[in-house]
Amino acid sequence: MSVISEKIQEILAYAKSRLEESNEAGDVNDMRVRLLGKSGELTSLLRGLKDIPPEERPGVGKLVNEARDSIASMIELRLALLKRLELERKIRDERIDVTLSGKGIKRGSYHPCTLVREEILRVFISLGFSVEQGPEIESDYYNFRRMNMPKDHPARDMQDTFYITPDVLLRTHTSPVQARVMDKSKPPIRVVCPGKVYRPDDDATHSPMFQQVEGLVVDKNITLCDLKGTLECAAKELFDSKTKIRFRPSYFPFTEPSVEVDVTCPVCHGKGCRICKGTGWIEVLGAGVVNPAVLRDSGIDPDIYSGFAFGMGVERIAMIKYGIPDMRILFENDARFLSGFKEEI
Ligand code: PHE
């Protein structure tokens, strides 16, 4: 009897000290299995009851059961304590300081070329033009042939570019949209066609991809004067009301006559500065009276109708408007540069 009770005291002392050292619920549960489980030490003491004299059994059984109960409650106490400590730790560590100021949400801004493109479209829409678009992957037929540039025409050389097959290429200008519009609609036509175009140039003032806005008007009695009046009005809107324009003779196979159009430098108003290289003028677009051959190819009778067309580079106008000296900065997407522009159109 005394041997067994000593053994029980030993187990109790062991349980107490081990539980006090256990800082994880997992360790406490291991102890439960070890002391109280089926092959635990107390259970084997109970199993040994049959080997002791019958009169001693009730007393020993009682001792073992009391030990079981006290170990079980020690375990529960320890688990409750660990749970409370864990909760306190969480409350301490995961506290949210609601008084900290929040992180601001950075709003994006429009790319300067988007702003300029939308501004150009707005001006022409207000003059009664509508907006049309065509594909960037274009056929040789629309990009060149319908623009009066048959195969081997020397004017192709300036634009000869990114071919996908011998008959399909990335369009080199937005002019093919003129032919696409004329194919599906009858005069009077008044459209502007924005879009990306591709050429094999790459330097401070040329990019292999850039945006153009094409313009086309076809109606009865359209002349070079209408072109000049329309462009002068648009230039005053786009730059400022003092802006003047001038025509210089040029050549495009799809217009006759053809012109390059300059505007007075919006920085120095014609006096001459760094931006206009001292000339007071800046070239902004190519234009002309639609070549009768182009009208005829679209099924429009050039004896009844005439038209004008123009094509302007969006990046170029953005550079002039914002005084950007190098076109490449427009494509670098440096947030410090871009964040200076308007958030709304
Ligand atoms: N397509 C010409 C270019 O890209 C511009 C242009 C358009 C000229 C319309 C005349 C008429 O250079």
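Residues numbered from 1 in each chain as written. Predicted model: local features only at pLDDT ≥ 70, side-chain atom pairs only at ≥ 80, totals over all residues. Heavy atoms only, no water.

**Remarks on the side chain of Glu315**
Test applied: A run of DSSP states H or I qualifies as a helix once it reaches four residues; a run of E qualifies as a strand once it reaches two. Both are numbered from the N-terminal end. Exposure is judged per residue with a 1.4 Å probe applied to protein chains only, and the accessible area is read against the type maximum: over 50% gives exposed, under 20% gives buried, and values in between give partly exposed. Positive residues here are Lys and Arg, negative ones are Asp and Glu, while His and the chain termini are left out of the count. Salt bridge, as applied in this entry: a Lys or Arg side-chain nitrogen positioned within 4 Å of an Asp or Glu carboxyl oxygen. Whenever two N or O atoms come within 3.5 Å, that pair is a polar contact, provided that in protein one can donate a hydrogen and the other can accept it, and provided that, for residues adjacent in sequence, both atoms are side-chain atoms. In what follows, residue pairs with any heavy atoms lying within 4.5 Å of each other are defined as contacts.
Structurally, the position occupied by Glu315 is in helix H10 (residues 314-322). Despite its burial, Glu315 pairs with no opposite charge; the closest candidate is Arg117, at 7.9 Å N-O. Only 2.8 Å separates the side chain of Glu315 from the backbone nitrogen of Gln211, close enough to count as a polar contact. Other than its neighbours up to four places away in sequence, Glu315 contacts Cys113, Phe210, Gln211, Met327, Leu330 and Phe331.

**What about the sheet that holds strand S9 (residues 281-290)?**
Quick reminder of the rule: When DSSP finds two or more bridges between a pair of strands, those strands are recorded as paired. Lines are fitted to the C-alpha atoms to define the axes, a helix being fitted only along its stretch in contact, and any angle between axes, read from their N-to-C directions, falls within 0 to 180 degrees.
As summarised here, the arrangement of the seven strands in space is S1-S5-S6-S10-S9-S8-S7, forming an open sheet in which the pairing is mixed. The open sheet has two edge strands with one neighbour each: strand S1 (130-131) and strand S7 (245-252). By the bridge criterion, eight bridges tie strand S6 (residues 209-219) to strand S10 (residues 306-313) in an arrangement that is antiparallel. Looking at S10, one finds that Leu216 is bridged to Ala309. Lying over the sheet, helix H5 (residues 112-126) contacts S1, strand S5 (189-198), S6 and S10, oriented at roughly 5 degrees with respect to S6.

**Overview of unusual backbone geometry**
Peptide bonds are mostly trans, and most non-glycine residues show a negative phi. Cis rather than trans, the peptide bond between Pro187 and Pro188 has omega equal to 0 degrees. Following the sequence through the fold, Pro188 ends up in the loop between helix H7 (176-184) and S5. That bond from Glu256 to Pro257 is cis: its omega, 0 degrees, falls within 30 degrees of zero. For Pro257, the position within the fold is in strand S8 (residues 255-264). We note that His269 has phi near 55 degrees; this positive angle belongs to a residue other than glycine.

**Some details on the packing of helix H2 (residues 25-36) against helix H4 (residues 57-93)**
Test applied: For classification purposes, an angle smaller than 35 degrees is called roughly parallel, one larger than 145 roughly antiparallel, one from 65 to 115 roughly perpendicular, and anything else oblique. Nonpolar residues are Ala, Val, Leu, Ile, Met, Phe, Trp, Tyr, Cys and Pro. Charged residues are Asp, Glu, Lys and Arg, and all others, Gly as well, are polar.
At a minimum axis separation of 10 Å, H2 and H4 run at an interaxial angle of 175 degrees. The orientation of H2 with respect to H4, classified from their angle, is roughly antiparallel. In this structure, H2 uses Ala25, Val28, Asn29, Arg32, Leu35 and Leu36 to contact H4, whose residues at the interface are Arg68, Ile71, Ala72, Ile75, Glu76, Arg78, Leu79 and Leu82. Split by residue class, the contact of H2 with H4 holds nine nonpolar, one polar and four charged.

**Brief notes about the state of the cysteines**
Rules: In what follows, a disulfide is any cysteine sulfur pair within 2.5 Å.
Taken as a whole and assessed by the stated rule, the structure comprises zero disulfides. Distance from the sulfur of Cys193, which forms no disulfide, to the nearest cysteine sulfur (Cys113) is 18 Å.

**Some words on the sheet that holds strand S4 (residues 168-170)**
The strand order across the open sheet formed by three strands is S2-S4-S3, and the pairing between neighbours is antiparallel. Since the sheet does not close on itself, it has two edges, and those belong to strand S2 (137-139) and strand S3 (163-165), each with one partner. Within the sheet, the average angular offset between the axes of one strand and its neighbour, ignoring direction, is 35 degrees. In this structure, S3 lies alongside S4, joined through two bridges in antiparallel fashion. Following the sheet pairing, Tyr163 is matched in S4 by Leu169.

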